[in-house]
Amino acid sequence: MLLLEKFFKLKENGTDVRTELVAGLTTFLTMAYIIFVNPSILGDAGMPKGAVFVATCVAAALGCLVMGLYANYPIALAPGMGLNAYFAYVVVKGMGMPWQMALGAVFISGCLFLFVSIFKLREMIVNGIPHSIRTAITVGIGLFLGLISLKSAGIVVANPATLVGVGNLHSAPVILAIFGFFLIVALDKLQVKGAILIGILAVTVLSFFFGGNQFNGVVSAPPTLEPTFFKLDVMGAVSVGLLNVVLVFFLVELFDATGTLMGVANRAGLLVNGKMERLNKALLADSCAIVAGSMLGTSSTTAYIESAAGVQAGGRTGLTAVAVAVLFLAALFISPLAGVVPAYATAPALLYVACLMLRELVDIDWSDTTESVPAAIAALTMPFTYSIALGVAFGFISYAILKLLTGRVREVRPVIWAIACVFTFKFVYLGAG
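This is a predicted model, so every value here is computed, not measured.

Peer 1: Which residues make up the domain arrangement of the chain, and what values go with them?
Peer 2: Per the domain assignment, the segments making up the chain are domain 1 (1-137 + 220-341) and domain 2 (365-432). For domain 1 versus domain 2, the distance between C-alpha centres works out to 27 Å. Summed over both partners, the interface of domain 1 with domain 2 comes to about 1,700 Å²; 80% of that surface belongs to carbon and sulfur atoms. Broken down residue by residue, the surface that domain 1 buries against domain 2 is led by Ile 133, Ala 136 and Asn 244, which jointly contribute 25%. Inspection of the domain 1/domain 2 interface yields zero salt bridges. Applying the counting criterion to the domain 1 and domain 2 interface returns one residue pair in polar contact (both at pLDDT 80 or more). Going through the elements one at a time, α5 (83-92), α7 (122-128), α8 (131-153) and α12 (243-267) are the ones with two or more residues in the side of domain 1 that touches domain 2. Per-element tally for the side of domain 1 that touches domain 2: the top contributor is α12, with five residues. Residue classes in the side of domain 1 that touches domain 2 are distributed as 13 nonpolar, five polar and no charged.

Below you can see the structure in the form of C-alpha coordinates.
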(Lines give C-alpha, C1' and ligand atoms only; values in the text may rest on other atoms or scores of the structure.)
Protein backbone atom coordinates (compact mmCIF):
# COMPACT_ATOMS: atom_id res chain seq x y z
CA MET A 1 0.00 0.00 0.00
CA LEU A 2 2.83 2.37 0.89
CA LEU A 3 4.50 1.64 -2.45
CA LEU A 4 1.27 2.40 -4.33
CA GLU A 5 0.82 5.59 -2.32
CA LYS A 6 4.32 6.77 -3.15
CA PHE A 7 4.30 5.78 -6.83
CA PHE A 8 0.86 7.14 -7.74
CA LYS A 9 0.91 10.06 -5.24
CA LEU A 10 -2.50 9.08 -3.88
CA LYS A 11 -2.66 11.45 -0.89
CA GLU A 12 -1.43 14.33 -2.97
CA ASN A 13 -4.36 13.75 -5.33
CA GLY A 14 -6.88 13.31 -2.51
CA THR A 15 -7.61 9.63 -3.03
CA ASP A 16 -6.76 6.14 -1.71
CA VAL A 17 -6.25 2.60 -3.00
CA ARG A 18 -9.85 1.46 -2.46
CA THR A 19 -11.30 4.50 -4.24
CA GLU A 20 -8.95 4.03 -7.19
CA LEU A 21 -9.82 0.34 -7.55
CA VAL A 22 -13.56 1.05 -7.41
CA ALA A 23 -13.05 3.77 -10.02
CA GLY A 24 -11.17 1.29 -12.21
CA LEU A 25 -14.00 -1.23 -11.99
CA THR A 26 -16.52 1.50 -12.81
CA THR A 27 -14.59 2.60 -15.89
CA PHE A 28 -14.17 -1.00 -17.05
CA LEU A 29 -17.89 -1.74 -16.77
CA THR A 30 -18.76 1.32 -18.86
CA MET A 31 -16.34 0.41 -21.68
CA ALA A 32 -16.24 -3.41 -21.55
CA TYR A 33 -18.72 -3.50 -24.44
CA ILE A 34 -15.73 -3.01 -26.77
CA ILE A 35 -14.54 -6.59 -26.15
CA PHE A 36 -17.76 -7.75 -27.83
CA VAL A 37 -18.23 -4.97 -30.40
CA ASN A 38 -14.69 -4.79 -31.78
CA PRO A 39 -14.42 -8.47 -32.82
CA SER A 40 -17.88 -8.18 -34.39
CA ILE A 41 -16.90 -5.16 -36.50
CA LEU A 42 -13.41 -6.32 -37.49
CA GLY A 43 -14.82 -9.79 -38.11
CA ASP A 44 -16.88 -8.22 -40.90
CA ALA A 45 -13.55 -7.27 -42.49
CA GLY A 46 -12.56 -10.94 -42.60
CA MET A 47 -10.37 -10.89 -39.49
CA PRO A 48 -10.51 -13.95 -37.17
CA LYS A 49 -12.84 -12.93 -34.35
CA GLY A 50 -11.07 -15.00 -31.69
CA ALA A 51 -7.71 -13.40 -32.40
CA VAL A 52 -9.28 -9.93 -32.57
CA PHE A 53 -10.92 -10.54 -29.18
CA VAL A 54 -7.50 -11.30 -27.66
CA ALA A 55 -5.86 -8.38 -29.47
CA THR A 56 -8.60 -6.05 -28.20
CA CYS A 57 -8.11 -7.08 -24.57
CA VAL A 58 -4.29 -7.06 -24.70
CA ALA A 59 -4.04 -3.75 -26.61
CA ALA A 60 -6.45 -2.13 -24.13
CA ALA A 61 -4.48 -3.54 -21.18
CA LEU A 62 -1.15 -2.30 -22.60
CA GLY A 63 -2.55 1.16 -23.29
CA CYS A 64 -4.04 1.42 -19.79
CA LEU A 65 -0.80 0.25 -18.17
CA VAL A 66 1.29 2.84 -20.01
CA MET A 67 -1.25 5.55 -19.24
CA GLY A 68 -1.34 4.57 -15.56
CA LEU A 69 2.33 3.83 -14.90
CA TYR A 70 3.90 6.47 -17.17
CA ALA A 71 1.42 9.36 -17.36
CA ASN A 72 -0.33 8.68 -14.01
CA TYR A 73 -3.79 9.64 -15.28
CA PRO A 74 -7.09 7.80 -14.52
CA ILE A 75 -7.81 7.44 -18.24
CA ALA A 76 -8.42 4.09 -19.93
CA LEU A 77 -7.64 3.17 -23.52
CA ALA A 78 -9.04 0.58 -25.94
CA PRO A 79 -9.69 0.21 -29.68
CA GLY A 80 -11.80 3.20 -30.67
CA MET A 81 -15.36 3.22 -31.92
CA GLY A 82 -15.59 4.87 -35.32
CA LEU A 83 -12.00 4.05 -36.13
CA ASN A 84 -12.82 0.33 -36.14
CA ALA A 85 -15.81 0.99 -38.41
CA TYR A 86 -13.64 3.03 -40.79
CA PHE A 87 -11.07 0.22 -40.78
CA ALA A 88 -13.61 -2.52 -41.55
CA TYR A 89 -16.30 -0.94 -43.71
CA VAL A 90 -14.37 1.73 -45.62
CA VAL A 91 -10.75 0.63 -45.93
CA VAL A 92 -11.22 -3.15 -46.15
CA LYS A 93 -14.72 -3.70 -47.53
CA GLY A 94 -15.12 -0.41 -49.38
CA MET A 95 -11.65 -0.03 -50.89
CA GLY A 96 -10.99 -3.75 -51.14
CA MET A 97 -7.74 -3.58 -49.16
CA PRO A 98 -6.60 -6.72 -47.30
CA TRP A 99 -6.93 -6.30 -43.55
CA GLN A 100 -3.18 -6.87 -43.24
CA MET A 101 -2.55 -3.70 -45.27
CA ALA A 102 -5.13 -1.82 -43.21
CA LEU A 103 -3.22 -2.81 -40.06
CA GLY A 104 -0.09 -1.49 -41.77
CA ALA A 105 -1.85 1.85 -42.30
CA VAL A 106 -2.82 1.92 -38.60
CA PHE A 107 0.84 1.25 -37.71
CA ILE A 108 2.02 4.15 -39.88
CA SER A 109 -0.59 6.50 -38.39
CA GLY A 110 0.50 5.44 -34.91
CA CYS A 111 4.13 6.21 -35.76
CA LEU A 112 3.07 9.66 -37.04
CA PHE A 113 1.13 10.23 -33.82
CA LEU A 114 4.20 9.14 -31.85
CA PHE A 115 6.35 11.56 -33.87
CA VAL A 116 4.13 14.61 -33.25
CA SER A 117 3.88 13.67 -29.56
CA ILE A 118 7.64 13.33 -29.07
CA PHE A 119 8.41 16.56 -30.91
CA LYS A 120 5.42 18.37 -29.38
CA LEU A 121 3.82 19.26 -32.72
CA ARG A 122 0.34 18.27 -31.54
CA GLU A 123 -0.66 21.75 -30.41
CA MET A 124 0.37 23.33 -33.70
CA ILE A 125 -1.69 20.82 -35.72
CA VAL A 126 -4.76 20.86 -33.49
CA ASN A 127 -4.81 24.65 -33.20
CA GLY A 128 -4.38 24.98 -36.97
CA ILE A 129 -7.58 23.06 -37.73
CA PRO A 130 -10.82 24.99 -37.12
CA HIS A 131 -13.15 23.89 -34.36
CA SER A 132 -16.02 23.47 -36.81
CA ILE A 133 -14.13 20.86 -38.84
CA ARG A 134 -12.98 19.00 -35.71
CA THR A 135 -16.59 18.91 -34.53
CA ALA A 136 -17.83 17.81 -37.95
CA ILE A 137 -15.50 14.81 -37.95
CA THR A 138 -16.96 13.61 -34.64
CA VAL A 139 -20.55 14.19 -35.82
CA GLY A 140 -19.91 12.54 -39.19
CA ILE A 141 -18.44 9.46 -37.56
CA GLY A 142 -21.52 9.38 -35.33
CA LEU A 143 -23.82 9.41 -38.38
CA PHE A 144 -21.68 6.73 -40.02
CA LEU A 145 -21.88 4.54 -36.91
CA GLY A 146 -25.63 5.12 -36.80
CA LEU A 147 -26.05 3.81 -40.35
CA ILE A 148 -23.88 0.76 -39.62
CA SER A 149 -25.79 -0.02 -36.42
CA LEU A 150 -29.20 0.23 -38.10
CA LYS A 151 -27.94 -2.06 -40.86
CA SER A 152 -26.55 -4.58 -38.35
CA ALA A 153 -29.88 -4.57 -36.51
CA GLY A 154 -31.78 -5.25 -39.75
CA ILE A 155 -33.75 -2.01 -39.46
CA VAL A 156 -32.13 -0.48 -42.56
CA VAL A 157 -31.72 -2.66 -45.66
CA ALA A 158 -30.70 -2.12 -49.28
CA ASN A 159 -33.41 -1.05 -51.71
CA PRO A 160 -32.72 -0.74 -55.47
CA ALA A 161 -35.38 1.96 -55.90
CA THR A 162 -34.51 4.21 -52.98
CA LEU A 163 -30.94 3.04 -52.10
CA VAL A 164 -32.07 2.22 -48.55
CA GLY A 165 -35.33 0.99 -47.07
CA VAL A 166 -36.78 -0.43 -43.86
CA GLY A 167 -36.27 -4.08 -42.95
CA ASN A 168 -38.68 -6.60 -41.45
CA LEU A 169 -39.69 -4.97 -38.18
CA HIS A 170 -41.45 -8.17 -37.09
CA SER A 171 -38.27 -10.31 -37.14
CA ALA A 172 -36.72 -11.42 -33.84
CA PRO A 173 -33.32 -9.74 -34.43
CA VAL A 174 -34.93 -6.35 -35.12
CA ILE A 175 -37.25 -6.56 -32.11
CA LEU A 176 -34.40 -7.64 -29.83
CA ALA A 177 -32.15 -4.84 -31.14
CA ILE A 178 -34.86 -2.23 -30.51
CA PHE A 179 -35.42 -3.62 -27.00
CA GLY A 180 -31.67 -3.53 -26.33
CA PHE A 181 -31.39 0.09 -27.47
CA PHE A 182 -34.16 1.38 -25.20
CA LEU A 183 -32.78 -0.70 -22.32
CA ILE A 184 -29.32 0.86 -22.73
CA VAL A 185 -30.66 4.42 -22.94
CA ALA A 186 -32.93 3.96 -19.91
CA LEU A 187 -30.24 2.35 -17.76
CA ASP A 188 -27.70 5.01 -18.70
CA LYS A 189 -30.15 7.78 -17.87
CA LEU A 190 -30.73 6.11 -14.49
CA GLN A 191 -26.92 6.14 -14.03
CA VAL A 192 -26.61 2.37 -13.86
CA LYS A 193 -22.95 1.41 -14.17
CA GLY A 194 -22.22 -0.66 -17.26
CA ALA A 195 -25.51 0.20 -18.99
CA ILE A 196 -24.17 -0.54 -22.48
CA LEU A 197 -22.63 -3.83 -21.37
CA ILE A 198 -25.86 -4.87 -19.64
CA GLY A 199 -27.82 -4.11 -22.81
CA ILE A 200 -25.50 -6.25 -24.97
CA LEU A 201 -25.62 -9.16 -22.52
CA ALA A 202 -29.42 -8.92 -22.12
CA VAL A 203 -30.02 -9.14 -25.88
CA THR A 204 -27.48 -11.98 -26.14
CA VAL A 205 -29.32 -13.97 -23.44
CA LEU A 206 -32.67 -13.39 -25.16
CA SER A 207 -31.15 -14.48 -28.48
CA PHE A 208 -30.79 -18.02 -27.10
CA PHE A 209 -34.58 -18.17 -26.62
CA PHE A 210 -35.88 -16.12 -29.56
CA GLY A 211 -33.03 -15.77 -32.07
CA GLY A 212 -31.85 -19.35 -32.49
CA ASN A 213 -28.46 -18.61 -30.90
CA GLN A 214 -26.38 -21.44 -29.39
CA PHE A 215 -24.77 -21.25 -25.95
CA ASN A 216 -21.12 -22.39 -25.84
CA GLY A 217 -20.22 -21.65 -22.24
CA VAL A 218 -18.67 -18.62 -20.56
CA VAL A 219 -15.10 -19.38 -19.46
CA SER A 220 -12.23 -20.99 -21.35
CA ALA A 221 -8.57 -20.47 -22.21
CA PRO A 222 -8.05 -17.46 -24.51
CA PRO A 223 -8.06 -18.13 -28.28
CA THR A 224 -4.73 -18.02 -30.08
CA LEU A 225 -3.46 -14.62 -31.22
CA GLU A 226 -1.38 -16.17 -34.00
CA PRO A 227 -3.78 -15.41 -36.92
CA THR A 228 -3.32 -11.63 -36.43
CA PHE A 229 -0.10 -11.32 -34.44
CA PHE A 230 2.46 -9.34 -36.48
CA LYS A 231 0.41 -9.90 -39.63
CA LEU A 232 0.40 -6.19 -40.50
CA ASP A 233 1.67 -5.35 -43.99
CA VAL A 234 3.39 -1.96 -43.70
CA MET A 235 5.16 -2.11 -47.07
CA GLY A 236 1.92 -3.14 -48.75
CA ALA A 237 0.15 -0.14 -47.24
CA VAL A 238 2.90 2.16 -48.50
CA SER A 239 3.06 0.60 -51.97
CA VAL A 240 -0.63 1.09 -52.76
CA GLY A 241 -0.45 4.74 -51.71
CA LEU A 242 -2.92 4.79 -48.82
CA LEU A 243 -2.16 8.45 -48.12
CA ASN A 244 -5.76 9.44 -47.47
CA VAL A 245 -6.32 6.36 -45.28
CA VAL A 246 -3.31 7.06 -43.06
CA LEU A 247 -4.20 10.77 -42.90
CA VAL A 248 -7.76 10.04 -41.75
CA PHE A 249 -6.57 7.55 -39.13
CA PHE A 250 -4.01 10.08 -37.89
CA LEU A 251 -6.36 13.09 -37.75
CA VAL A 252 -9.18 11.23 -36.00
CA GLU A 253 -6.73 9.65 -33.53
CA LEU A 254 -5.20 13.04 -32.76
CA PHE A 255 -8.48 14.94 -32.29
CA ASP A 256 -10.17 12.10 -30.42
CA ALA A 257 -7.28 11.56 -28.03
CA THR A 258 -6.69 15.25 -27.33
CA GLY A 259 -10.36 16.04 -26.78
CA THR A 260 -10.96 13.01 -24.56
CA LEU A 261 -7.84 13.54 -22.46
CA MET A 262 -8.63 17.20 -21.85
CA GLY A 263 -12.31 16.49 -21.14
CA VAL A 264 -11.67 13.72 -18.59
CA ALA A 265 -8.81 15.61 -16.92
CA ASN A 266 -11.02 18.69 -16.60
CA ARG A 267 -13.78 16.64 -14.97
CA ALA A 268 -11.24 15.17 -12.55
CA GLY A 269 -9.91 18.61 -11.64
CA LEU A 270 -6.47 17.69 -12.99
CA LEU A 271 -5.98 20.74 -15.22
CA VAL A 272 -3.51 23.39 -14.09
CA ASN A 273 -4.27 26.79 -15.63
CA GLY A 274 -6.44 25.02 -18.18
CA LYS A 275 -3.67 22.63 -19.26
CA MET A 276 -2.68 19.04 -18.56
CA GLU A 277 0.78 19.00 -17.01
CA ARG A 278 1.56 15.56 -18.44
CA LEU A 279 -0.40 15.81 -21.69
CA ASN A 280 2.59 14.77 -23.77
CA LYS A 281 3.07 11.64 -21.65
CA ALA A 282 -0.62 10.81 -22.06
CA LEU A 283 -0.38 11.27 -25.84
CA LEU A 284 2.72 9.07 -25.93
CA ALA A 285 0.76 6.38 -24.09
CA ASP A 286 -2.01 6.69 -26.68
CA SER A 287 0.33 6.55 -29.69
CA CYS A 288 2.30 3.60 -28.26
CA ALA A 289 -0.98 1.73 -27.78
CA ILE A 290 -1.90 2.35 -31.44
CA VAL A 291 1.41 0.95 -32.65
CA ALA A 292 1.19 -2.05 -30.31
CA GLY A 293 -2.44 -2.70 -31.26
CA SER A 294 -1.61 -2.80 -34.97
CA MET A 295 1.05 -5.43 -34.24
CA LEU A 296 -1.38 -7.48 -32.15
CA GLY A 297 -4.15 -7.27 -34.74
CA THR A 298 -6.67 -4.53 -33.96
CA SER A 299 -7.65 -1.11 -35.25
CA SER A 300 -6.52 2.14 -33.62
CA THR A 301 -6.53 2.36 -29.83
CA THR A 302 -7.60 5.62 -28.22
CA ALA A 303 -8.52 7.23 -24.89
CA TYR A 304 -12.11 6.52 -23.81
CA ILE A 305 -14.52 9.22 -22.70
CA GLU A 306 -16.10 6.51 -20.51
CA SER A 307 -13.14 7.13 -18.20
CA ALA A 308 -15.23 10.02 -16.91
CA ALA A 309 -17.38 7.43 -15.10
CA GLY A 310 -14.36 6.30 -13.11
CA VAL A 311 -13.44 9.90 -12.39
CA GLN A 312 -16.98 10.45 -11.14
CA ALA A 313 -16.40 7.48 -8.78
CA GLY A 314 -13.30 9.18 -7.36
CA GLY A 315 -10.47 8.05 -9.64
CA ARG A 316 -7.66 10.60 -9.74
CA THR A 317 -4.44 8.72 -10.52
CA GLY A 318 -2.95 6.11 -12.81
CA LEU A 319 -3.90 3.36 -10.36
CA THR A 320 -7.42 3.58 -11.83
CA ALA A 321 -6.04 2.88 -15.32
CA VAL A 322 -3.90 0.00 -14.01
CA ALA A 323 -7.01 -1.56 -12.42
CA VAL A 324 -8.78 -1.34 -15.81
CA ALA A 325 -5.77 -3.03 -17.44
CA VAL A 326 -5.97 -5.96 -15.01
CA LEU A 327 -9.70 -6.37 -15.70
CA PHE A 328 -9.12 -6.40 -19.47
CA LEU A 329 -6.56 -9.18 -19.00
CA ALA A 330 -9.05 -11.10 -16.85
CA ALA A 331 -11.62 -10.71 -19.64
CA LEU A 332 -9.41 -12.84 -21.89
CA PHE A 333 -10.96 -15.90 -20.28
CA ILE A 334 -14.56 -15.18 -21.38
CA SER A 335 -13.97 -15.76 -25.09
CA PRO A 336 -16.87 -18.29 -25.46
CA LEU A 337 -19.28 -15.59 -24.32
CA ALA A 338 -17.75 -13.04 -26.70
CA GLY A 339 -18.06 -15.50 -29.56
CA VAL A 340 -21.82 -15.93 -29.28
CA VAL A 341 -22.76 -12.23 -29.15
CA PRO A 342 -24.77 -11.61 -32.35
CA ALA A 343 -24.46 -8.46 -34.47
CA TYR A 344 -27.96 -7.34 -33.48
CA ALA A 345 -26.87 -7.40 -29.81
CA THR A 346 -23.97 -4.99 -30.40
CA ALA A 347 -26.00 -2.81 -32.82
CA PRO A 348 -27.90 -1.03 -29.98
CA ALA A 349 -24.57 -0.10 -28.37
CA LEU A 350 -23.30 1.31 -31.67
CA LEU A 351 -26.51 3.30 -32.16
CA TYR A 352 -26.38 4.78 -28.66
CA VAL A 353 -22.73 5.80 -29.08
CA ALA A 354 -23.72 7.36 -32.42
CA CYS A 355 -26.51 9.35 -30.76
CA LEU A 356 -24.14 10.69 -28.12
CA MET A 357 -21.65 11.81 -30.78
CA LEU A 358 -24.30 13.95 -32.49
CA ARG A 359 -24.56 16.28 -29.50
CA GLU A 360 -21.34 17.93 -30.72
CA LEU A 361 -23.52 19.76 -33.31
CA VAL A 362 -24.32 22.44 -30.73
CA ASP A 363 -20.69 23.60 -30.80
CA ILE A 364 -20.82 24.69 -34.47
CA ASP A 365 -21.31 28.41 -35.23
CA TRP A 366 -24.39 28.15 -37.47
CA SER A 367 -24.48 31.93 -38.04
CA ASP A 368 -21.25 31.78 -40.09
CA THR A 369 -21.86 29.75 -43.25
CA THR A 370 -18.12 29.60 -44.06
CA GLU A 371 -17.81 27.55 -40.86
CA SER A 372 -21.13 25.68 -40.70
CA VAL A 373 -21.48 24.64 -44.35
CA PRO A 374 -18.09 22.86 -44.60
CA ALA A 375 -18.89 21.18 -41.28
CA ALA A 376 -22.28 20.04 -42.56
CA ILE A 377 -20.74 18.80 -45.82
CA ALA A 378 -18.11 16.80 -43.94
CA ALA A 379 -20.65 15.25 -41.57
CA LEU A 380 -23.27 14.42 -44.22
CA THR A 381 -20.80 13.04 -46.74
CA MET A 382 -19.52 10.35 -44.38
CA PRO A 383 -22.70 8.23 -44.12
CA PHE A 384 -23.99 9.01 -47.63
CA THR A 385 -20.74 7.99 -49.36
CA TYR A 386 -20.03 5.30 -46.75
CA SER A 387 -16.60 6.86 -46.35
CA ILE A 388 -15.15 8.81 -43.43
CA ALA A 389 -12.15 9.70 -45.61
CA LEU A 390 -14.31 11.42 -48.23
CA GLY A 391 -16.18 13.32 -45.54
CA VAL A 392 -12.94 14.63 -44.03
CA ALA A 393 -11.61 15.51 -47.50
CA PHE A 394 -14.73 17.40 -48.62
CA GLY A 395 -14.82 19.24 -45.30
CA PHE A 396 -11.26 20.55 -45.61
CA ILE A 397 -11.57 21.40 -49.32
CA SER A 398 -14.90 23.22 -48.98
CA TYR A 399 -13.63 25.15 -45.95
CA ALA A 400 -10.59 26.44 -47.86
CA ILE A 401 -12.64 27.30 -50.99
CA LEU A 402 -15.36 29.19 -49.10
CA LYS A 403 -12.85 31.22 -47.10
CA LEU A 404 -11.03 32.04 -50.33
CA LEU A 405 -14.19 33.10 -52.19
CA THR A 406 -15.43 35.31 -49.31
CA GLY A 407 -12.15 37.17 -48.89
CA ARG A 408 -11.33 35.55 -45.54
CA VAL A 409 -8.31 33.61 -46.70
CA ARG A 410 -6.24 34.80 -43.74
CA GLU A 411 -8.42 32.73 -41.43
CA VAL A 412 -7.18 29.55 -43.10
CA ARG A 413 -4.12 28.14 -41.35
CA PRO A 414 -1.29 26.56 -43.38
CA VAL A 415 -2.18 23.07 -42.13
CA ILE A 416 -5.67 23.43 -43.70
CA TRP A 417 -4.19 24.40 -47.08
CA ALA A 418 -1.75 21.49 -46.87
CA ILE A 419 -4.44 18.89 -46.10
CA ALA A 420 -6.89 20.35 -48.66
CA CYS A 421 -4.20 20.26 -51.35
CA VAL A 422 -3.27 16.67 -50.52
CA PHE A 423 -6.87 15.53 -50.84
CA THR A 424 -7.45 17.59 -54.02
CA PHE A 425 -4.34 16.11 -55.63
CA LYS A 426 -5.56 12.67 -54.69
CA PHE A 427 -8.97 13.23 -56.29
CA VAL A 428 -7.61 14.84 -59.48
CA TYR A 429 -4.78 12.42 -60.19
CA LEU A 430 -5.67 9.23 -58.33
CA GLY A 431 -9.46 9.27 -58.24
CA ALA A 432 -11.85 9.20 -55.29
CA GLY A 433 -11.67 5.47 -54.59
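Peer 1: Residue-level account of the packing of helix α3 (residues 34-43) against helix α17 (residues 343-357), with values.
Peer 2: Remark: α3 packs on α17, axes separated minimally by 10 Å, with the N-to-C direction vectors making an angle of 110°. Taken together, the axes of α3 and α17 lie roughly perpendicular to each other. Both α3 and α17 take part in a crossing whose hand is left-handed. Touching Phe 36, Val 37, Ser 40 and Ile 41 of α3 are Ala 343, Thr 346 and Leu 350, all from α17. Looking at side-chain class alone, the contact of α3 with α17 contains five nonpolar, two polar and no charged residues.

Peer 1: Help me get a handle on the packing of aromatic side chains, residues and values and all.
Peer 2: Counted according to the given criterion, the structure contains seven aromatic pairs. Measuring from centroid to centroid gives 5.1 Å for Phe 28 and Phe 328, while their planes differ by 85°, and the two rings are edge-to-face. Here the residue Phe 28 occupies a position in helix α2 (residues 17-31), and Phe 328 occupies one in helix α15 (residues 318-330), the gap between them amounting to 300 residues. Relative accessible area serves as the criterion here: at 0%, Phe 328 is assigned to the buried category.

Peer 1: How would you explain the pattern of salt bridges if you had to name every residue and give the values?
Peer 2: Going through the model one piece at a time under the given rule, you end up with five salt bridges. One salt bridge connects Lys 403 with Glu 411, and the closest N-O pair in it is separated by 2.6 Å. Here Glu 411 falls in the partly exposed class, since its relative accessible area comes to 37%. Here Glu 411 ties to Arg 408 by a salt bridge, and the two come within 2.8 Å at their closest N and O atoms. Salt bridges here are not isolated pairs; linked through shared partners, they connect Asp 368, Glu 371, Lys 403, Arg 408 and Glu 411.

Peer 1: Requested: an account of the pairing of strand β2 (residues 156-159), with residues and values cited.
Peer 2: Side chains on a regular strand alternate between the two faces of the sheet. Where β2 meets strand β3 (residues 163-166), four bridges bridge the pair, whose relative direction is antiparallel. Paired with Asn 159 across the strands is Leu 163, a residue of β3. Once β2 ends, the chain turns through three residues before running back antiparallel as β3.

Rules used in this analysis
- Residues numbered from 1 in each chain as written.
- Predicted model: local features only at pLDDT ≥ 70, side-chain atom pairs only at ≥ 80, totals over all residues.
- Heavy atoms only, no water.
- Domains from an automatic or database assignment.
- Buried area = accessible area lost by both parts, 1.4 Å probe.
- Salt bridge = Lys/Arg side-chain N within 4 Å of Asp/Glu carboxyl O.
- Polar contact = N/O pair within 3.5 Å; in protein donor to acceptor, adjacent residues only side chain to side chain.
- Helix = DSSP H or I, 4+ residues; strand = E, 2+ residues; numbered from the N terminus.
- Nonpolar A, V, L, I, M, F, W, Y, C, P; charged D, E, K, R; others polar.
- Axes fitted to C-alpha atoms, helices over the stretch in contact; angles between N-to-C directions.
- Parallel < 35°, antiparallel > 145°, perpendicular 65-115°, else oblique.
- Left-handed = near helix turned anticlockwise from the far one by under 90°.
- Contact = heavy atoms within 4.5 Å.
- Phe/Tyr/Trp six-rings, centres within 6.5 Å; stacked < 30°, edge-to-face > 60°.
- Buried < 20%, exposed > 50% of the residue type's maximum accessible area, 1.4 Å probe, protein only.
- Pairing = 2+ DSSP bridges.

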